[in-house]
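Working through the structure, step by step
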Amino acid sequence: MDGDRVEIDGGIMEGGGQILRVSTALSCLLGLPLRVRRIRAGRSQPGLRPQHLSGLEIVRDLCDGKLNGGEIGSTEITFTPGKIKGGTHIADTKTAGSVCLLMQVAMPCVLFAASPSELHLKGGTNAEMAPQIDYTVMVFKPIVEKFNFTFNCDIRKRGYYPQGGGEVVVQMSPVKELSPINLTERGTVTKIYGRAFVAGALPIKLAKDMSSAAVRCIRKEIRDLYINIQPVREPDDQAIGTGSGIIIVAETSTGCLLAGSSLGKRGKNSDKVGIEAAEMLLKNLKHGGTVDDSLQDQLIIFMALAKGVSRVKSGPITLHTQTAIHFAEQLTKAKFTVTKSEDEDPSNDTYIIECQGVGMINPNL
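Because the structure is a prediction, the values reported are computed rather than measured.

**Things to note about the sheet that holds strand β17 (residues 351–356)**
Here we have four strands laid out as an open sheet, ordered β9-β15-β17-β16, and mixed in their pairing. Either end of the sheet is taken by a strand with one partner, and the two such strands are β9 (182–183) and β16 (335–340). Pairing of β9 with strand β15 (residues 309–314) involves two bridges; the strand directions are parallel. By the bridge assignment for β15, Leu-183 is matched with Val-312.

Printed below as a string of structure tokens:
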């Protein structure tokens, strides 16, 4: 069997957990046995962390696969997928590891399952170095559903660094195939909204400060739009631990959603948190693309699986996106091209990511 395993070098390009997520999901979908070496070789603490291990385990469980080398710190795994089945599955990082990253690896797989799935994902809902759950619900969900599927995401409990303890339940039904997307027209920004939150021991005043600072920062660039960033205190029975943060979304006339977000931490001024998120949003609006830097790489696997040609206009291509494209091409037969966009505004640094998808068909439906 080993002769037929796809060999993946987990240390090249972005060199992190994303290589593991993209290649394991595609291995599961395509029925390709996989070996990943040098896992997270690019990181200060190489090897599997609890969040990556939970992601591997949920994919293994989803398809009755076999996983070898699945322990914390392991730098090499082999994975042999089985048949993707629906049903209820639980993944628990037991840390503040991101539930959103668990969702990233499991979601493409359950789209091609035999029956509907319910994923109980436990860990951190608002974690550093990962999309916040609010981003997943407010930006990722409406855009990714353009591939012609829907999912329900119920935030049961929020969990923050260091202990995690959050729980999100994702329900989705399988599809026959995915439609391609065409996101090439930005349109004009029509509204800006968001939420600034505190939880646990923090006073609501911090949320108000984050919100006000963000609004002031955006106002310098965008004067004529109403900006509605709600300050929220998470209910104690729906949040574990103490945390704070903000997400701001800009919606355009063509239905594009771009965001900026930031998390509070001890010793970090709440105005600074608000300003960081606002500056990230403004940077994403400046390049002229239809997706922000955080969404870019998350769309790649769906573009690769869809039937037909998908086109997305983005800002400068991130290393995460280049990495996702590299492994999607290595494992699927999808063909990606990235070209500088011929934009009417020469100051825009935009690119067209085009993909001829493989038209994956769900064999179970």
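The rest of the description comes next.
**A closer look at the nonpolar core**
Counting residues in each nonpolar core, the largest one holds 83 residues, and the members touching the most others are Phe-147, Phe-149, Phe-151, Leu-178, Leu-299, Phe-302 and Phe-336. In terms of residue count, helix α3 (residues 99–111) provides more of this core than any other element does, ten residues in total. Both domains that meet at this core, namely domain 1 (6–182) and domain 2 (189–287), each give it at least three residues. With residues near it in sequence (within four places) discarded, Leu-178 still touches Leu-111, Phe-112, Phe-147, Phe-149, Phe-302, Leu-305, Ala-306 and Lys-307. Formed by 24 residues, the second largest nonpolar core is a distinct cluster that contains Val-198, Ala-214, Val-215 and Ala-277.

**Structural notes on the UniProt feature "binding site: ATP" (unreviewed entry) in the chain**
In the numbering used here, UniProt assigns the feature "binding site: ATP" (unreviewed entry) to Gln-104. The topology assignment puts Gln-104 in helix α3. On the basis of relative accessibility, which here comes to 21%, the residue Gln-104 falls in the partly exposed class.

**As for the environment of Glu-354**
The residue Glu-354 is located in strand β17 in this model. Once the C-alpha coordinates of Glu-354 and Ile-222 are considered, the two residues, 132 residues apart in sequence, prove to be 31 Å apart. Sequence-distant contacts of Glu-354, that is, excluding residues within four places in its chain, are made with Val-309, Ser-310, Arg-311, Lys-335, Phe-336 and Thr-337. Polar side-chain contacts of Glu-354 include one of 2.9 Å to the side chain of Arg-311.

**Observations regarding the domain arrangement of the chain**
Each assigned domain of the chain is listed here: domain 1 (6–182) and domain 2 (189–287). Its C-alpha centre places domain 1 at a distance of 27 Å from the equivalent point of domain 2. Contacts between domain 1 and domain 2 engage 20 residues on the former and 23 residues on the latter. Buried surface at the junction of domain 1 and domain 2, summed over both partners, amounts to about 1,600 Å²; 62% is from carbon and sulfur atoms. Considering only the surface of domain 1 that becomes buried against domain 2, Gln-132, Met-138 and Tyr-160 emerge as the three largest contributors, covering 36% of it. Of the charged contacts, one joins Arg-158 and Glu-234 as a salt bridge, the two residues approaching to 3.2 Å between their closest N and O atoms. Along the contact surface separating domain 1 from domain 2 lie seven residue pairs in polar contact (both at pLDDT 80 or more). Of all the secondary structure elements, the ones that give two or more residues to the side of domain 1 that touches domain 2 are α4 (133–144) and β7 (151–159). At six residues, α4 tops the list of elements feeding residues into the side of domain 1 that touches domain 2. Grouping the constituent residues of the side of domain 1 that touches domain 2 by class yields eight nonpolar, six polar and six charged.

Cut-offs and rules
Residues numbered from 1 in each chain as written. Predicted model: local features only at pLDDT ≥ 70, side-chain atom pairs only at ≥ 80, totals over all residues. Heavy atoms only, no water. Pairing = 2+ DSSP bridges. Helix = DSSP H or I, 4+ residues; strand = E, 2+ residues; numbered from the N terminus. Core = buried A, V, L, I, M, F, W, Y, C linked by side-chain atoms within 4.5 Å. Buried < 20%, exposed > 50% of the residue type's maximum accessible area, 1.4 Å probe, protein only. Domains from an automatic or database assignment. Contact = heavy atoms within 4.5 Å. UniProt positions renumbered as here; feature names shortened; annotations may be inferred. Polar contact = N/O pair within 3.5 Å; in protein donor to acceptor, adjacent residues only side chain to side chain. Buried area = accessible area lost by both parts, 1.4 Å probe. Salt bridge = Lys/Arg side-chain N within 4 Å of Asp/Glu carboxyl O. Nonpolar A, V, L, I, M, F, W, Y, C, P; charged D, E, K, R; others polar.

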